[in-house]
Structure formats: structure tokens, C-alpha cells
Amino acid sequence: MSAAISLENLTVTYRRHPALHHVSGEFALGSMTAIVGPNGAGKSTLLKTIMGQVTCNSGRVIQHPEAGRIAYLPQQAEIDRSFPISVRDCVLLGYWGRVGLFGNISKAMVERAEQALAAVGLAGFSARSVASLSVGQFQRVLFARILLQDARLILLDEPFSAVDTKTTDDLLHIIRSWHAEQRTVIAVLHDYDQVRRSFPQTLLLARNVVAWGATEQVLNHDNLHRARTMSEAVDEHAPLCAIDEAALKHIAAHREHT
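These numbers come from a predicted model, not from an experiment.

The rules behind the values
- Residues numbered from 1 in each chain as written.
- Predicted model: local features only at pLDDT ≥ 70, side-chain atom pairs only at ≥ 80, totals over all residues.
- Heavy atoms only, no water.
- Salt bridge = Lys/Arg side-chain N within 4 Å of Asp/Glu carboxyl O.
- Helix = DSSP H or I, 4+ residues; strand = E, 2+ residues; numbered from the N terminus.
- Buried < 20%, exposed > 50% of the residue type's maximum accessible area, 1.4 Å probe, protein only.
- Pairing = 2+ DSSP bridges.
- pLDDT = per-residue confidence, 0-100.
- Contact = heavy atoms within 4.5 Å.
- 1 Å grid on protein atoms, 1.4 Å probe; cavity = no way out; pocket = protein on both sides within 12 Å on 5 of 7 lines; lining within 4 Å.
- Points joined across faces, edges and corners; volume = space filled by probe spheres on them.
- Axes fitted to C-alpha atoms, helices over the stretch in contact; angles between N-to-C directions.

This paragraph deals with the pattern of salt bridges. In the structure shown here, the tally under the stated rule is eight salt bridges. With its nearest N and O atoms 3.0 Å apart, the salt bridge here joins Arg88 to Glu114. With Arg88 in helix H2 (residues 87-92) and Glu114 in helix H4 (residues 107-119), the pair connects residues that are 26 residues apart, well separated along the chain. According to the relative accessible area criterion, Arg88 is partly exposed, its value standing at 29%. Classification of Glu114 by relative accessible area gives partly exposed; the value is 27%. Residues Arg140 and Asp170 are paired through a salt bridge, measuring 2.9 Å at the closest nitrogen-oxygen approach. With Arg140 in helix H5 (residues 135-149) and Asp170 in helix H6 (residues 165-180), this pair connects stretches of sequence that are 30 residues apart.

This is how it looks when you write it as C-alpha cells:
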């Protein structure tokens, strides 16, 4: 199967300590992949590196032409909701990549925005200020904006964080519809049960790749234990690229006592 995104020996560091360490692999075209792992495993860093928001220290990210246009949903904590903008105008920003900041918005585009809001369960919310919305409602708005972007490659960073069960179920339905349309979806998630139920592919990170492939094979006890052990073994004061050695020593010591 062709790749949408290829990672080749990717290393990203903050203050000379690895956030991602020699990560290699491929996200297949049309795949639906969850990125999981302990806190500080590099999950969000990987999405930002794919987007070009974070510079890699070595290796590279290849976005293949077949992957098409990209849409990115950051964590809500990174979005300033204090700017006075209506729900409709926020959704219409999904057209920015095609019409630019000062491009003309047609009546058909506005109608499509209203349809997108209805699709995410927010019909009648157009004139509301985004600042007046709940966390779950605002996440629906952001999904409506992605609908207008009509991207073939969709990156989602913790899309269900702090939202209610009903919103999560509704947004999962939209993600499944993207997958059914052969769009490539990559999502950072924390709920392993949710991943097992809904995501066919999983990348388990602990700054290094612990496992990558079919979800039922990746999310087993041994891999999850290894990810936790590797995460606990990281020495924040170690020199660049010492993570592998530290992790291996920790694993070996753990095995001697079990």
C-alpha cells in the first residue's frame, strides 16, 4: 500500500534532549491510525513535526503527493478563543487555504458552512460567539471547519480531550466517515479502549517507536509495559541520544528483579 507520510530516522530535540528519537515508519494512504504512549512520549511533537511547526534535528518527514491537502486540529489549549469571532466565521476559515485571508466568500460557501455545522450537531449556532461555547461545542466547530477544508490527510491532536461522551461519539462517527472515504487520519489519543474499538492501526511511542501496526498486535501487555518502562528510564539530564542506553539498562535491571 502506498504511503501518505514517511518518517525516516526522525529525531527531534528540545534543549538537546530527545522528544523523538530515530523514529522510522509509514502512515499508509487511507489508513486510520492512533498515536498513543505515556505522557512526554513525543505524540504531539510528531504531529507538529509533520506539519512543519517543529524542526527535526536529523532524519526527515516525507509527505507524499498522493496524500493530498492536509488539515490539522491542535489541542484546544493552544487555541485562543478570546478573539471576537462568530461560529460561522470560524468555520469559514476552513476555506482560507483556497481563497486566502481576503478572498471572496460566496453564498455557496456560506451554505456549505451551515451544512457542516448541521453535520456536527450545531445547526442554529452560526451567530454565536466562539467564546460562548462549551469545550465540546467548540470542538464540534473545529470539526466543521475541517469538513470545509476537504483535506485528504487529517491530523488530530487529542480531539476528545475534556469533551462529553455524546460529543466524542458524534465526532468518532465523522472520523469513521473520513476513513470510509479513504482519507488518511492520524490522531493522538489516550483512551486505549477507544483506540481498540475504533482505530485499525496504532503507533505506540515512548520517544522511540515501541510498536507500529495493527492495533490488536500493538496494544498488548508486553508492548504497553515496555513503553512505560522506556518512559520511566529517560534521564532528562543525559546527553543527546543517550535515551536508548538508559532505557535498555532500566529494562535489564527490571528483568533481574522479576
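Quick look at the pairing of strand S8 (residues 201-206) now. Most of S8 sits inside the fold, with five of its six residues counted as buried. Direction of pairing for S8 relative to strand S9 (residues 208-214): antiparallel, over a ladder of six bridges. In the sheet register, Gln201 faces S9, and the bridge partner there is Ala214. From the end of S8 to the start of S9, which pair antiparallel, there are one residue, and Arg207 there has a positive phi angle of about 70°.

Let's shift gears to the confidence of the model for the protein chain. When pLDDT drops low, the exact placement of atoms in the prediction is not to be read closely. Overall, the predicted model of the protein chain reaches an average pLDDT of 89, with 88% of residues at or above 70. Every residue in residues 242-258 scores below 50 in pLDDT, and together they form 17 contacts with partners more than four places removed in sequence or on other chains.

Time to look at the layout of surface pockets. Put simply, the largest pocket is a space of about 270 Å³. Looking at the largest pocket, it is lined by 15 residues, and the ones nearest its centre are Ala71, Tyr72, Leu93, Arg145 and Gln149. Of all the secondary structure elements, the ones that give two or more residues to the lining of the largest pocket are strand S5 (70-73), helix H3 (96-99) and H5.

Bringing the sheet that holds strand S2 (residues 17-28) into the picture now. Pairing within the open sheet is antiparallel, and its three strands lie in the order S2-S1-S4. The open sheet is flanked by S2 and strand S4 (58-63), the only strands paired with a single partner. Direction aside, the axes of adjacent strands within the sheet are offset by 15° on average. Pairing of strand S1 (residues 3-14) with S2 involves eight bridges; the strand directions are antiparallel.

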